[in-house]
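Breakdown of the fold
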Amino acid sequence: MTVEPASAAEKFCYDGTTYCFCSVHCHKLFQTDPAKHLAAAESRQSTEPSSALSAHHLESKPEVLGAIYTCPMDPQVRQQGAGACPKCGMALEPLEIGAVLTKTEYTCPMHPEIIRDAPGSCPKCGMALEARSVTLAEEENPELENMTRRFWVGMILSLPVLITAMSDMLPGQPLHQLLSPRSWVWFQLMLSTPVVLWCGWPFIERAWASVVNKSPNMFTLIGIGVGTAYSYSLVATLLPELLPSSFRGHGGEVAVYFEAAAVITTLVPLGRVLELRVRSKTSGAIRALLGLAPKTARMVGADGNERDVSLDQVTRGDRLRVRPGEKIPVDGRVTEGQSSVDESMVTGEPIPVEKTSHSKVTGGTVNGTGGFLMRAERVGSETLLAQSVGMVSEAQRSCAPIRLSALEIPT
């Protein structure tokens, strides 16, 4: 777990290195034996996650090597690689979604069908493979499929439980004429048990993680509510004699709350399914934005020679040539030539804008019929297009302030 210095609750200097902690408890625990805890942290980083909770999330989240992941509910939690949040147990989200939606591959200029994941030589002609960035195609979300399956199973099993529990309100009470109230209680137990223990298992794990790490959140509330309703109903069904007589109704039966536990458990995956679907649509918008950027740029050297390079090789101050009909690679300023540029991507205006010497140009916009030389001023994450992608990614990953305040539980 990585804690930023600005958000650290405690700091401790050991062996010339300052360590930041997310809570006072972790700080005191580290002080007892720093060498032991540092050795344990190194061993955990060198091995694959072995806990069932981490394995569950790693299976449902495609990991990108080198990418930094953060928790939507605890933004101060950051780590390299996918996994589960050590505080609340939620699946970590990539800090820069562009790293998930793009990748670099290597191809031969003479034989485009030769594609490799690492640099090298073409097996046909021997030429050096050139790098290019590609946008990944949209893939199925395993977590969305998993939550959808849990929701439908929970709904199918919860609906009869709800109808049975509310049967006293039906005119004539037809269900009580088929079976005794005691039999219907056993019926609710049999249907609600797989709903709570299977459909709600991911949220039970997260609730338990929040309690162990002393970081209460919405999963803590769900776990307490569902666990209390189901546990009490289980005792009332199996051992009703343990409960006082004041708990019994007019018919002598102890009231049970299996329908509350089952329905709440079913609604939680429903909310998760809706959230994941919205995120999938947002990822499609980000993918479309990434598709606006060109993959290569035409760099002009000091000797006047021109060559095509990958966009990540362009640095501030480089001279680039933009030919007619090409996309402008990065943000910069025109140094020679003139043309008209379609800037509808930025302004929404369909009429091209004339560009002459010293005019500013934006990466991702489309050049018209003229050609010009430009000097790169903002590259990489500094470009307007990259900042737009970052804003959409941040909006997708983070919670609204009112939602975060609703998730906080006073301690």
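Structure first, text after, so check above.
Before going into details, it helps to say that this report is about the structure given with it. For clarity, every value in this text was computed on a predicted model and none was experimentally measured.

An order of 10-9-11-17-12-15 is seen for the six strands of this open sheet, with the pairing classed as antiparallel. The open sheet has two edge strands, strand 10 (306–310) and strand 15 (360–361), and neither has a second partner. Taken together, the six bridges between strand 12 (residues 331–337) and strand 17 (residues 372–378) define a ladder with antiparallel strand orientation. Residue glutamate 336 lies in a different strand from strand 17, and its bridge partner there is leucine 373.

The next subject is the nonpolar core. One finds Val314, Leu320, Ile328, Val330, Phe372 and Met374 to be the most contacted residues of the largest nonpolar core, which totals 15 residues. Looking at this core, the element that brings in the most residues is strand 17, giving three residues. Leaving out residues up to four positions away in the same chain, isoleucine 328 has contacts with Pro294, Val322, Val341, Val361, Thr362, Gly363, Gly364, Thr365, Phe372 and Met374. Of all hydrophobic cores here, the second largest spans 14 residues; its members include Val196, Val226, Phe258 and Ala261.

The next thing to look at is the pairing of strand 12. Taken together, the two bridges between strand 12 and strand 15 define a ladder with antiparallel strand orientation. Bridge pairing links arginine 333 to lysine 360 in strand 15.

This part takes up the pattern of salt bridges. If you walk through the whole model with that rule in mind, you get 12 salt bridges. Salt-bridge contacts for glutamate 275 lead to arginine 272; the nearest nitrogen and oxygen are separated by 3.2 Å. Of this pair, glutamate 275 and arginine 272 both sit in helix 10 (residues 258–292), three residues apart, which is roughly one turn of the helix. Given the relative accessible area of 5%, arginine 272 is considered buried. Notably, a salt bridge pairs glutamate 343 with lysine 355, separated by 2.9 Å at the nearest N-O pair. On the criterion of sequence distance, the pair formed by glutamate 343 in the loop between strand 13 (339–342) and helix 11 (344–347) and lysine 355 in strand 14 (residues 353–355) is long-range, its members being 12 residues apart. Given a relative accessible area of 8%, lysine 355 falls into the buried group. Several salt bridges share partner residues, and in doing so they unite Arg298, Glu306, Asp308, Arg321, Arg323 and Glu326 into one network.

The rules behind the values
Residues numbered from 1 in each chain as written. Predicted model: local features only at pLDDT ≥ 70, side-chain atom pairs only at ≥ 80, totals over all residues. Heavy atoms only, no water. Pairing = 2+ DSSP bridges. Helix = DSSP H or I, 4+ residues; strand = E, 2+ residues; numbered from the N terminus. Core = buried A, V, L, I, M, F, W, Y, C linked by side-chain atoms within 4.5 Å. Buried < 20%, exposed > 50% of the residue type's maximum accessible area, 1.4 Å probe, protein only. Contact = heavy atoms within 4.5 Å. Salt bridge = Lys/Arg side-chain N within 4 Å of Asp/Glu carboxyl O.

Shape descriptors only; they carry no functional weight alone.
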